[in-house]
Amino acid sequence: MSRHSKNNTSLAYFTNAEREKLEYGTRKQRMGRDSMRNFDSCFLCLQTARDPMSCTKGHLACKECYFENILNQKKEFSRMQNLYVAQQELMQKEIEARQEMLRLAEVERFEKTQTSVLGVSGSVAKTVETRVIDGKVFKGIKTPEGTIFVPDMAALDPKEREKAFEDMKELDKGAKKASLPSFWVPSLTPDATPTAIEPLPSKLELKCIASDPAHSIASFKKLVKVNFTLPKDSEKEAGAIGEPSGEKGSKVCPSCVKTFTNGSKIMIVKLCGHAVCKDCYSRFIKGAGKCHVCDGPCKTGDAFELFIEGTGFASSGGMDKLGKRVGVAFQ
């Protein structure tokens, strides 16, 4: 393509070169190898895992990081449980206060009725009737102009009392709004509704947060300690943190001595934790029913594949790793 065609701006649409210069619209790019975590890296601290442990889904992390994450989950569960109990106690106190207000309002209404403060002329009847309407108990007070029925608060359920109190609040707000139309008056300021905390389970369920959504793990004892095999030449020169002095993080299959990479399929034996490639697992372990490294038992289903983010190529799990940036698009 000539230079003139790349700089041509007389078209009715943006060319690819113009979009690259203008950063037009939403731009997508598949993440490369540098954006992928190594197969032996901790998903919490993103460093090479020390004393690596894995869940049965293949998510690898340091032993210390797993401990810290589980401890934080327990602390958060305890904090939310305390908040839930405190909120329930506060709601109970508020309900009791509302019920007391309803009782006082009922007493005040009854006293006003008996003393003819409500505008009832003549003598007030002393006979009080009791009727059941739609399953609710009402007290009737006879007056010369008719009978006034008042709900019996003592016979109402807590939910019905709550509804009656809300109706009184709405009427009260309407009266205040009619007399004080200014929205900046403190008495008319709406109350902030607190966030309701959902009831928590009776027992804490530990979760592995490496996946979305997080999956549950029974306990810390169910985690598998992963045993990687180092090359023989570097075993004697291994550092204090358990890494060879040559290629950093190089780990091999104990059978075929192939170096593990992000493109490898790695199988972990649950009981002993040895890491082997998938081909060697199918050839030596799956059929024999035991680990050929330590002769430990390995039945069907006693191994799982290590989760690896990929290499950046579509054939190695990099197709779904996309970076997006939203820009201005003129329509």
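Source: prediction; values computed, not measured.

Novice: So what about the overall build of the protein? Which residues, and what values?
Specialist: Broken down by element type, the protein carries 6 helices and 13 strands. Burial statistics for the protein: of 331 residues in total, 27% are counted as buried. Considering only contacts in the protein between residues 6 or more positions apart, those separated by 24 or more positions represent 52%. Taken as a whole, the protein presents about 23,100 Å² of accessible surface, with 54% of it coming from carbon and sulfur.

Novice: Describe the sheet that holds strand β10 (residues 266-269), listing the residues and the values that go with them.
Specialist: If you walk across this open sheet you meet the 3 strands as β11-β10-β12, and the pairing is antiparallel. The open sheet has two edge strands with one neighbour each: β11 (275-277) and β12 (303-305). In this sheet, neighbouring strand axes are inclined to one another by 35° on average, regardless of whether the strands run parallel or antiparallel. As judged from the 3 bridges shared by β10 and β12, these two strands associate in the antiparallel manner. Bridge assignment links I268 to a residue of β12, and that residue is F304.

Novice: Give me the lowdown on the confidence of the model for the protein, citing residues and values where you can.
Specialist: In this model, the protein carries an average pLDDT of 75, and 62% of its residues clear a pLDDT of 70 or more. This model gives residues 117-127 a pLDDT under 50, and the stretch forms 19 contacts once residues within four places in sequence are excluded.

Novice: Residues and numbers for the sheet that holds strand β3 (residues 60-62), please.
Specialist: Read across the sheet, 3 strands follow the order β3-β2-β9 without closing on themselves; strand pairing throughout is antiparallel. Strands with a single pairing partner mark the edges of an open sheet, and in this sheet they are β3 and β9 (224-225). Where strand β2 (residues 52-54) lies against β9, 2 bridges are found, and the strand directions are antiparallel. By the bridge assignment for β9, M53 is matched with K225.

Novice: Residue-level account of the pattern of salt bridges, with values.
Specialist: Using the criterion set out here, one finds 5 salt bridges in the structure. The salt bridge involving D40 is made with K251; its shortest N-O contact spans 2.8 Å. On the criterion of sequence distance, the pair formed by D40 in the loop between β1 (27-30) and β2 and K251 in the loop between α5 (232-235) and β10 is long-range, its members being 211 residues apart. Accessibility expressed as a relative area gives 4% for D40, which makes it buried. Owing to a relative accessible area of 8%, K251 belongs among the buried residues under this scheme. A salt bridge links E205 to K207, with the shortest nitrogen-to-oxygen separation between them at 4.0 Å. Classification of K207 as partly exposed rests on a relative accessible area of 32%.

Novice: Give me the lowdown on the pairing of β10, citing residues and values where you can.
Specialist: Side chains I266 and I268 project from β10 onto one buried face, and the interleaved M267 and V269 project onto a second face that is buried too. Examined bridge by bridge, β10 and β11 share 3 bridges and lie antiparallel to one another. Paired with M267 across the strands is V276, a residue of β11. Hairpin connection, β10 to β11: the antiparallel pair is bridged by 5 residues, and G273 has positive phi, about 80°.

Novice: Tell me about the nonpolar core, and please be specific about residues and values.
Specialist: Y66, F228, F260, I266 and I268 are the most contacted members of the largest nonpolar core, which totals 38 residues. A per-element tally of this core places β10 first, with 4 residues. With near-sequence residues (within four places) excluded, F260 lies in contact with F39, F228, K251, V252, C253, I266, A275, V276 and C277.

Each value, and the rule that gives it
Residues numbered from 1 in each chain as written. Predicted model: local features only at pLDDT ≥ 70, side-chain atom pairs only at ≥ 80, totals over all residues. Heavy atoms only, no water. Helix = DSSP H or I, 4+ residues; strand = E, 2+ residues; numbered from the N terminus. Buried < 20%, exposed > 50% of the residue type's maximum accessible area, 1.4 Å probe, protein only. Contact = heavy atoms within 4.5 Å. Areas by Shrake-Rupley, 256 points an atom, 1.4 Å probe, with all protein chains shown as cover. Pairing = 2+ DSSP bridges. Axes fitted to C-alpha atoms, helices over the stretch in contact; angles between N-to-C directions. pLDDT = per-residue confidence, 0-100. Salt bridge = Lys/Arg side-chain N within 4 Å of Asp/Glu carboxyl O. Core = buried A, V, L, I, M, F, W, Y, C linked by side-chain atoms within 4.5 Å.

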